[in-house]
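# A structural walkthrough
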Amino acid sequence: MTRPAQRNTSAAAVVAVFALGAVLQVFLWVRASDAFPQIPQLRTGLAADQVGLLNMGWEFANTRRCRPTAKTMSGGGSIPGCFLQLLVGGPLILWHDGRAPSLVVEAAHFAAGLLLAGTLAKAMGAQFTAIYLLIFWLSPQRLFHSGFIWDPALMVFPAAVHLWSCWKSRDQAGPAASFALGMLLLLAPQTHASFMVLWVLTAILVLRRLIKIDWRGLFGGGIIGFVTLIPTVEGYLDGSAASSLPRDGLIGRGLILIFPLARGFLNWFRMGSLDFGRMGRKDSVFCLSTSLSDSPGSQVMCGLVHVCSALSVLSVVVAVAASWWYFRSGSDDSDKAQPDSAWLRRYVLSCFFAVCICAALSPVTIQTWHVLVALPVACIPVAAWIDNLWPPSKAWLRWVVIVFVLLRIPDILLLAYGHPLYRALPADIVDVVRE
């Protein structure tokens, strides 16, 4: 195949994969909308967070006033600023329906996908971008978090903006990229506590001189981002604002107990794999909800959960191997020949270290949703590994890649038809979940 023909084929693959991911994302949103009336009854796990966010949003929509802080974080303390209140309450003003805020998540994921696809196409080419979208855009983790309102799900877009702005700043300081970075660094803490990954990552990139900062642009963006923090500053001055500092645990908990650090380390690899974690366990609401009915369909679905869960766990091994290869694949000669690829690998490695540092210092054990901000970057090593092997010379390797990619569809369908946030549940599910 000639190079122009290959580029056209890769470009068509990019469009096809993005379209498939968009269809699945909208499908999940529709499923979540059908299940929405039951959300206030399910006051456990994610649903409790949703109820809190919706209450905060309705308060803003009805009063048009921001609280000094938005919502309580898992480690204690509250999210500062009114940016999250605007993201949740603003859509409720335009559409007086509790499903309106989830459209912000939809839009954030679409914007992140387009921005990442455009950035990586320039850095690595169309073939790499098509493979990357197969890993990231069709990720069960991403699609699961794209259909309903939850503050960690919003962090996919800041992660994409961070990669774009740093990519633009790799050779020379640009005012636009630095402006976006400055605004991002002050708006991300007002969205979710996983902003620390972006802060630590930025510090690593600056110290390693992997990005060049236009300080006027950075401070200009910071000033814009600070505007939504004004109610918090006023609340601190008059004593009405809750503290944003963690109250539970202790800083450096991961260094003392080790397990939290190991879990954060492992979650990086889970982001690039098929593993959807505790949603597939027998004792989780997800698997429980699929087995409540005696219908044959439910039994088949629960059986598929067990099969996909086992294969998903095995896929973590693929992600580990891909990351090991990716981080060791650079050399002085190859870096000089492919400077863009070399810079991207250093960015990914810096992000990996940022996740590990945050896991070590976090006062709470890092969970999957805490690492969702790293999902766009954690998928890059797997995409690079597949890109390097494509077309694979060994038949078994080809099947590993095909299974790794195709399993995403049943994983996503299981989430859509099995998770309580995406399906209308039997009447007795509320009592079972409560117990």
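Position numbers for residues count from 1 along each chain, tracking the sequence in the order it is written. With pLDDT at 70 or above as the cut-off, local features in this predicted model cover only qualifying residues; side-chain atom pairs require 80 or more to be listed or tallied, and sums for whole chains, interfaces and linings still use all residues. Where side-chain values are given, they derive from all heavy atoms of the structure, hydrogens and water being excluded.

The next subject is the overall build of the protein chain. Labels follow the DSSP assignment, with helices taken as runs of H or I lasting at least four residues and strands as runs of E lasting at least two, numbered in each case from the N terminus. Scanning the protein chain for helices and strands turns up 22 helices and two strands. Buried, partly exposed and exposed residues are distinguished by accessible area as a fraction of the type maximum, computed with a 1.4 Å probe on protein chains only: under 20%, between the cut-offs, and over 50%, respectively. Burial status across the protein chain gives 55% buried among its 435 residues. Accessible area of the protein chain: about 19100 Å², with a carbon and sulfur share of 66%. In this description, accessible areas are obtained by the Shrake-Rupley approach with a 1.4 Å probe, and a residue is regarded as covered only by the protein chains that are shown.

Whenever Lys or Arg places a side-chain nitrogen within 4 Å of a carboxyl oxygen from Asp or Glu, that contact is recorded as a salt bridge. Evaluation of the coordinates by the stated rule reveals five salt bridges. Of the charged contacts, one joins Lys71 and Asp151 as a salt bridge, the two residues approaching to 3.5 Å between their closest N and O atoms. In this pair, Lys71 is assigned in strand β1 (residues 69–72) and Asp151 in the loop between α6 (140–144) and α7 (156–168), connecting sequence segments 80 residues apart. Taken together, the salt bridges that share partners define one network made up of Arg170, Asp171 and Asp340.

Now for the environment of Phe136. Relative to the helices and strands, Phe136 is located in helix α5 (residues 126–136). On a C-alpha basis, the gap between Phe136 and Gly21 in space is 9.5 Å, while along the polypeptide they are 115 residues apart. Residue contacts are defined here by distance: any two heavy atoms, one from each residue, within 4.5 Å place the two residues in contact. Look past the residues within four positions of Phe136 in its chain and what remains in contact with it is Gly113, Leu116, Arg142, Val156, Leu375, Pro376 and Cys379.

Here the focus is the packing of helix α8 (residues 175–187) against helix α10 (residues 215–226). Each pair of packed helices can be described by the angle between their axes along with the distance between the axes. The axes are straight lines fitted to the C-alpha atoms, using for helices just the contacting stretch, and the angles between their N-to-C directions are given from 0 to 180°. The N-to-C vectors of α8 and α10 enclose an angle of 35 degrees; their axes lie 6 Å apart at closest approach. Considering how the two elements wind past one another, α8 and α10 form a crossing that is right-handed. Across the interface between the two elements, Pro175, Ser178, Phe179, Leu181, Gly182, Met183, Leu186 and Leu187 from α8 touch Gly217, Leu218, Gly220, Gly221, Gly222, Ile224, Gly225 and Phe226 from α10. Lys, Arg, Asp and Glu make up the charged group, whereas Ala, Val, Leu, Ile, Met, Phe, Trp, Tyr, Cys and Pro make up the nonpolar group; the residues left over, Gly among them, are polar. Here the contact of α8 with α10 is composed, by residue class, of nine nonpolar, seven polar and no charged. Left-handed describes a crossing in which the near helix is turned anticlockwise from the far one by less than a right angle; the clockwise case is right-handed.

It is worth spelling out the environment of Leu186 at this point. By the element assignment, Leu186 lies in helix α8. Since its relative accessible area comes to 25%, Leu186 is described here as partly exposed. When residues no more than four places from it in sequence are discounted, the contact partners of Leu186 are Gly222, Gly225, Phe226 and Leu229.

With that settled, the discussion passes to the side chain of His192. With respect to the element layout, His192 can be found in the loop between α8 and α9 (195–207). Pairs of N or O atoms within 3.5 Å make up the polar contacts considered here, provided that, within protein, one atom can donate a hydrogen while the other can accept it, and that residues adjacent in sequence are counted only when both atoms are side-chain atoms. Within the structure, His192 has its side chain in polar contact with the side chain of Ser194 (distance 2.9 Å). When sequence neighbours within four positions are dropped, the list of residues in contact with His192 reads Ile79, Asp151, Pro152, Met155, Trp369 and His370.

The subject of this paragraph is the environment of Leu229. Within the secondary structure layout, Leu229 lies in the loop between α10 and α11 (230–238). According to the relative accessible area criterion, Leu229 is buried, its value standing at 15%. C-alpha separation for the pair Leu229 and Pro80, spaced 149 residues apart in sequence, amounts to 6.9 Å. Apart from residues no more than four positions distant in its own chain, Leu229 is found in contact with Pro80, Gly81, Leu186 and Gln190.

Time to look at the packing of α7 against α8. Direction vectors running N to C along α7 and α8 enclose 145 degrees, while the axes themselves pass 8 Å from each other. Judged by the sense of rotation from one axis to the other, the crossing of α7 with α8 is left-handed. Between α7 and α8, the residues in contact are Pro158, Val161, His162, Trp164, Ser165 and Lys168 and Ala177, Ala180, Leu181 and Leu184, respectively.

Our next topic: the state of the cysteines. The disulfide criterion is simple: two cysteine sulfur atoms within 2.5 Å. Taken as a whole and assessed by the stated rule, the structure comprises zero disulfides. Counting only cysteine sulfurs, Cys358 is the nearest neighbor of Cys356, a cysteine outside any disulfide, at a range of 9.5 Å. Distance from the sulfur of Cys358, which forms no disulfide, to the nearest cysteine sulfur (Cys351) is 9.2 Å.

Geometry of aromatic contacts follows a simple scheme: Phe, Tyr and Trp rings, the Trp one being its six-membered ring, pair when their centres are within 6.5 Å, and the pair is stacked under 30 degrees between planes, edge-to-face over 60, tilted otherwise. Scanning all chains against the criterion turns up 22 aromatic pairs. Seen in terms of ring centroids, Trp268 and Phe352 are 5.5 Å apart; in terms of plane orientation they differ by 75 degrees. Their pairing is edge-to-face. In this pair, Trp268 is assigned in helix α13 (residues 259–271) and Phe352 in helix α17 (residues 339–361), connecting sequence segments 84 residues apart. The same class applies to Trp268 and to Phe352, which are both buried. Through successive ring pairs, a cluster of aromatic residues spans Phe265, Trp268, Phe269, Trp325, Tyr326, Phe327, Phe352 and Phe353. When the ring centre of Trp137 is taken as origin, the NZ or CZ atom of Arg142, which lies over that ring, is 3.7 Å away. Two thresholds decide whether a charge sits over a ring: the Lys NZ or Arg CZ must be within 6 Å of the ring centre and within 35 degrees of the ring normal. The ring of Trp167 has Arg170 sitting right over it, with the charged end atom 3.5 Å from the ring centre.

Right, let's get into the nonpolar core. The term nonpolar core refers to a set of buried residues drawn from Ala, Val, Leu, Ile, Met, Phe, Trp, Tyr and Cys, joined through side-chain atoms within 4.5 Å. Core analysis: the largest hydrophobic core is formed by 108 residues, its most contacted members being Tyr132, Trp268 and Trp343. At eleven residues, α17 tops the list of elements feeding residues into this core. The contacts of Tyr132, once residues within four sequence positions are left out, are Leu116, Leu120, Trp137, Pro376, Cys379, Ile380 and Ala383.

pLDDT is defined as a per-residue confidence score from the predictor, taking values between 0 and 100. Taken residue by residue, the protein chain gives an average pLDDT of 83. The fraction at 70 or more is 83%. Put simply, helix α14 (residues 285–290) is where the protein chain has its lowest mean pLDDT, 45, and α7 is where it has its highest, 97. For the stretch residues 280–295, pLDDT sits under 50, and the model shows 37 contacts to residues farther than four places along the chain or on other chains.

Trans peptide bonds make up most of the peptide bonds, and negative phi angles are found at most residues other than glycine. Although it is not a glycine, Arg64 adopts a positive phi angle of roughly 60 degrees. Relative to the assigned elements, Arg64 resides in the loop between α2 (45–63) and β1. The exposure class of Arg64 is exposed, given its relative accessible area of 52%.

Below, the discussion takes up a nonpolar patch on the surface. Nonpolar side chains collect at one region of the surface, where Leu250, Ile251, Leu255, Ile256, Leu257, Phe353, Ile357 and Leu361 lie side by side and expose about 770 Å² of accessible area between them. Contributions of two or more residues to the nonpolar patch are made by α12 (253–257) and α17. Along the polypeptide, Ile357 turns up in helix α17. What makes Ile357 partly exposed here is its relative accessible area of 36%. Exposure above 30% relative accessible area and the absence of a salt bridge qualify a residue for a patch, where like charges join within 9 Å and nonpolar side chains (Val, Leu, Ile, Met, Phe, Trp, Tyr) within 5 Å.

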